[in-house]
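Residue-level structure breakdown
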Amino acid sequence: MIKKLFILFALFIPAYGLIFFKLQPQADLNVSVPLFHFYIVTFTTFSAAVISLLLISSLGVEARPRHILAAAAFAVIGSIFFSHGLATPNALIAHAHPAVSWSAWLTLFGSGLLFAIAGLDGANGLPRWISMRVVIYCAVGGVLIYSGVAAFAPQLLDLIETSFVAPWHRTAIFWISLLLWLFAAFRLWRIWLVSRNRVDGVLAFVAFWLAIATVSMHQFPVSNLSWWLYHITLLVSFLIAAYVLVLEYEQIRQFRLARYYLAISLILTALLALAASALFTQFAYNTLVSEIQTTSTNIAQNLGSSITSDMADVSTAEHVRQLSSRSGSKRLLSIRMTGLPLHSIVIYGSDGVASQSSISELVGVKADDRSAFEQALNGKAAVVIREPNPGAATGYGPSGSVSVVATYVPLHPGGKMEGETIGVLTTLQEVPTLNASIITARVTGLVIAALSMGLLFVALLSVVGRADRIITLRTDELRKLSAQLKTYSEWFFGKDLLEKVLADSNVLSLARRERTVMFMDIRGFTAWSESRSPEEVVGMLNRYYHASEMLFKQHGAIKFKFSADEAMAVFARADQATIAALDLRDSVKSMLKDHDLGAGIGLHTGPLVEGLLGSDEAKFYDVIGDTVNTAKRIEGNATRAEVLASDDTCKALDSKFAIGQARQVAAKGKGELTVHPLERKS
């Protein structure tokens, strides 16, 4: 009961999060971390695609169609969502790309369709009109077509975004995706109620989670915590499903070493490539920034010195604050900017308010970076690099789509580099090449690391492939040897006893037990065989052995063995032995009659010692005791086609057997024994 309640609670965990953010919008913070999004999403989706493809290739024909389709759905998620990560603005491309939104939408749409088809699977497989192979081929084709459009013709995606169908296209994708996931969850839950297979249960659970993820993606603000929730749900759903699929199907030994290695090497290559790219990018960024800081500081300081030299009467902080009313000050700034790679110049008074600027709109505006302003006011230059921000408020000045370098330097009277600070001069410079250089460095790092690590893993793959082939060959040899040993062991022990031995080795221990022993011997065999060829004798004996063995197994003989024309079997109960003896007599009667032969059968019930006998080097399973000897003596007195049993055996039988009149027979070493012929009751 507690387990069911826990599962029910876990089923709605993503929904609880969305409800919380809906009721507490102030907690639904905007977390815009594009580079984190790029690295995490790219790595996790690539890994998910690789692992899913490993699952598809390893499950084999033994897997249920719905499980293969579920693995294919996660491969679709990883493949399409991978392009979602690659299209992150300012990661590998400098502009917004429609694949960011389209990849997210189609991820849950395409995988939801595959899950819905998986839900149509039943006890007899998928409906006849659905071919799993065709479905997977269509999924692969769809992913390739979309990836091609996103890479080479993104304007088609933009066209849909700006056409007359917008925003209805997104609404349609949302509702279709949601209904597909809910349908899949319901169908897979119904399948689980019948199969009680853990994979079916987990897939139903995951399908419901991804229905909630669809709501998170489409109905909540981008970059808010509620929107990030669908990323987490996708990842956790994949990990749970992959874990139970491997757990369920690893026993069929389809997960080959080379496949494991290939998957792990691809994932490690991606991880190391991304890590190397991040380090390479950081190094390039630090180098470029250092150069930019030095250059921009020199330009700003020289500019500040020349401006205060030209305005020699501006000697106090109050004079700086009144620059906006000084005629010609703006024109001076414009003249000084000529030939310099600057977007604008701003002069701030000691109060942090712009008193003059090359852009009129900025006069009277407060310094937006108070920390850098205070540093310059205290006599030290400060350089601030603002990363591209397409969402920046308009009217700021420099475009929000490129990097901006803001340099703050102190102003001193008369253009001197020391003395009292009377104001702060700020230069704003657009550096479009900085962002492009960083993207180039990131791409270069990725390519170099991926190629170097990829080539290393490819080289090692040949070694692993060779090892895998050797392991596979040896495994097949061991499997064949195991089958042979099992066959030989069944000959040695018998199938039933072997199963007991494998379950409990103590079964072989010597022990005193009550058993019924049966002997059967062909009458006249020696004289008959002397006049026959060895091949004819062996052929007849093999038919005799086969018929006897089949009946011994059928009636649960604990132990049986053959010696020339003699057969012996040990049974746990007298009724088992008697039925086997009567059936055996009837079975071999017609076979032996063709050769003018017959068989006599003797039964005796009593104590004996049963178990492994022999030396340390050679052992065999057998029975020893007077009961065995007595059964042999009784068999020696049976006529052709007669089943003789001792008094002890007859006393152990129930009323369904006809026990004949007692007679005394001579038994070597025993004197006389009382025996009875046995028949079935008519």
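Refer to the preceding data block for the structure.
Predicted model only: the values in this text are computed from it and were never measured.

What follows covers the overall build of the protein chain. Within the protein chain one finds 21 helices and 14 strands. Here the C-alpha atoms of the protein chain give a radius of gyration of 45 Å, more than 25% beyond the 26 Å that 2.2 N^0.38 yields for 682 residues. Seen through its C-alpha atoms, the protein chain measures out along the principal axes to roughly 150 × 55 × 45 Å. Contacts in the protein chain between residues at least 24 apart in sequence constitute 70% of all its contacts with a sequence separation of at least 6. Roughly 34600 Å² of accessible area belongs to the protein chain as shown, and the carbon and sulfur atoms make up 63% of that amount.

Bringing the pattern of salt bridges into the picture now. Counted according to the given criterion, the structure contains 24 salt bridges. In this structure, Glu-610 engages Arg-515 in a salt bridge whose closest nitrogen and oxygen atoms are separated by 2.8 Å. Of this pair, Glu-610 sits in strand β9 (residues 598-614) while Arg-515 is found in strand β6 (residues 511-523), placing the two residues 95 residues apart along the sequence. In terms of burial, Glu-610 and Arg-515 fall into one category: buried. Across the salt bridge formed by Glu-635 and Arg-523, the nearest N and O atoms sit 2.9 Å from each other.

Along the polypeptide, Gly-414 turns up in the loop between β4 (403-411) and β5 (423-431). Along the primary structure Gly-414 and Ser-315 are separated by 99 residues, whereas in three dimensions their C-alpha atoms are 7.1 Å apart. Discounting residues that sit within four places of it in the chain, Gly-414 has contacts with Thr-308 and Ser-309.

Within a regular strand, side chains alternate between the sheet's two faces. Pairing of strand β7 (residues 559-563) with strand β8 (residues 566-571), which is carried by five bridges, proceeds in the antiparallel orientation. From the neighbouring strand, Lys-561 faces β8, where its bridge partner is Met-568. As consecutive antiparallel partners, β7 and β8 are separated by two residues, and within that stretch Ala-564 has a phi angle of approximately 55 degrees, a positive value.

Another aspect to go through is the sheet that holds strand β3 (residues 382-386). Working definition: the strands of a sheet are paired by backbone hydrogen bonds and lie parallel or antiparallel to each other. Judged by pairing direction, the sheet is antiparallel, and its five strands sit side by side in the order β2-β1-β5-β4-β3 without closing on themselves. Unpaired on one side and paired on the other, β2 (354-357) and β3 mark the two borders of the sheet. The sheet shows a mean angle of 20 degrees between the axes of neighbouring strands, direction not considered. Bridging between strand β1 (residues 344-348) and β5 involves five bridges; their strand directions are antiparallel. Among the inter-strand pairings, Ser-344 is bridged to a residue of β5, identified as Leu-428. Helix-sheet contacts for helix α13 (residues 329-337) involve β1 and β2, and the interaxial angle to β2 is about 55 degrees.

On the surface, Phe-186, Trp-189, Leu-193 and Val-194 cluster together into a nonpolar patch covering about 410 Å² of accessible area. Positionally, Phe-186 belongs in helix α8 (residues 168-195). The exposure class assigned to Phe-186 is partly exposed, which follows from its relative accessible area of 41%.

Bringing the packing of aromatic side chains into the picture now. Overall, the coordinates contain 25 aromatic pairs when judged by the stated rule. Each ring, one from Tyr-348 and one from Phe-373, has its centre 6.0 Å from the other, and the planes form 75 degrees; the classification is edge-to-face. Taken together, the residues Tyr-348 in strand β1 and Phe-373 in helix α14 (residues 370-377) connect sequence positions 25 residues apart. The exposure class of Tyr-348 is buried, given its relative accessible area of 8%. By relative accessible area, Phe-373 is classed as buried at 0%.

Examined bridge by bridge, strand β11 (residues 643-646) and strand β14 (residues 671-680) share three bridges and lie antiparallel to one another. Its bridge partner being in β14, Ala-645 is matched across the sheet by His-676. As defined by bridge partners, strand β12 (residues 657-659) adjoins β14 across three bridges and the pair is classed as antiparallel. Residue pairing for β14: Ile-659 is matched across the bridge by Leu-678. Here strand β13 (residues 663-667) pairs with β14 via five bridges, running antiparallel. Looking at β14, one finds that Arg-663 is bridged to Val-675.

A complete count under the given rule lists one cavity of 30 Å³ or more for this structure. Reported here for the largest cavity is a volume of approximately 50 Å³. Ile-307, Thr-308, Met-311, Val-314, Val-320, Leu-323, Ile-347, Leu-411 and Ile-422 are the residues that line the largest cavity. Grouping the amino acids of the lining of the largest cavity by side-chain chemistry returns eight nonpolar, one polar and no charged.

Quick look at the environment of Gly-379 now. Note on placement: Gly-379 falls in the loop between α14 and β3. By relative accessible area, Gly-379 is classed as partly exposed at 39%. With 45 residues separating them along the chain, Gly-379 and Val-424 place their C-alpha atoms 9.2 Å apart. Once you skip the residues sitting within four places of it in the chain, Gly-379 turns out to touch Pro-410 and Thr-421.

Between the first and last C-alpha of α8 there are 40 Å, a value that for 28 residues agrees with the 40 Å anticipated at 1.5 Å per step. Turning to α8, its buried residues number three or more, namely His-169, Ile-173, Phe-174, Ser-177, Leu-178, Leu-180, Trp-181, Ala-184, Ala-185, Leu-188 and Ile-191. Against the buried residues of α8 lie α4 (65-86), α5 (99-118), α7 (154-162) and α9 (198-219). After α8 finishes, the residue Arg-196 shows a positive phi value of roughly 55 degrees.

Take the nonpolar core next. Residues Leu-69, Leu-114, Phe-115, Leu-210 and Tyr-230 are the most contacted members of the largest nonpolar core, which totals 63 residues. Elements with a minimum of two residues in this core: α3 (34-59), α4, α5, α6 (132-152), α8, α9 and α10 (225-249). Per-element tally for this core: the top contributor is α4, with 11 residues. Among residues more than four places away in sequence, those in contact with Tyr-230 are Phe-81, His-84, Ala-104, Ala-213, Ser-216 and Met-217.

Moving on, we come to the side chain of Asp-521. Secondary-structure assignment places Asp-521 in strand β6. Here the side chain of Asp-521 touches Arg-523 through a polar contact of 3.3 Å, side chain to side chain. Ignoring sequence-local partners within four residues, the contact set of Asp-521 consists of Tyr-544, Asp-565, Glu-566, Gly-598, Ala-599, Gly-600 and Glu-635.

Cut-offs and rules
Residues numbered from 1 in each chain as written. Predicted model: local features only at pLDDT ≥ 70, side-chain atom pairs only at ≥ 80, totals over all residues. Heavy atoms only, no water. Helix = DSSP H or I, 4+ residues; strand = E, 2+ residues; numbered from the N terminus. Rg over C-alpha atoms; globule rule 2.2 N^0.38 Å. Contact = heavy atoms within 4.5 Å. Areas by Shrake-Rupley, 256 points an atom, 1.4 Å probe, with all protein chains shown as cover. Salt bridge = Lys/Arg side-chain N within 4 Å of Asp/Glu carboxyl O. Buried < 20%, exposed > 50% of the residue type's maximum accessible area, 1.4 Å probe, protein only. Pairing = 2+ DSSP bridges. Axes fitted to C-alpha atoms, helices over the stretch in contact; angles between N-to-C directions. Patch = residues over 30% accessible without salt bridge, like charges linked within 9 Å, V, L, I, M, F, W, Y side chains within 5 Å. Phe/Tyr/Trp six-rings, centres within 6.5 Å; stacked < 30°, edge-to-face > 60°. 1 Å grid on protein atoms, 1.4 Å probe; cavity = no way out; pocket = protein on both sides within 12 Å on 5 of 7 lines; lining within 4 Å. Points joined across faces, edges and corners; volume = space filled by probe spheres on them. Nonpolar A, V, L, I, M, F, W, Y, C, P; charged D, E, K, R; others polar. Expected span 1.5 Å × (residues − 1). Core = buried A, V, L, I, M, F, W, Y, C linked by side-chain atoms within 4.5 Å. Polar contact = N/O pair within 3.5 Å; in protein donor to acceptor, adjacent residues only side chain to side chain.

Take it as geometry only, folks, not as evidence of what the structure does.
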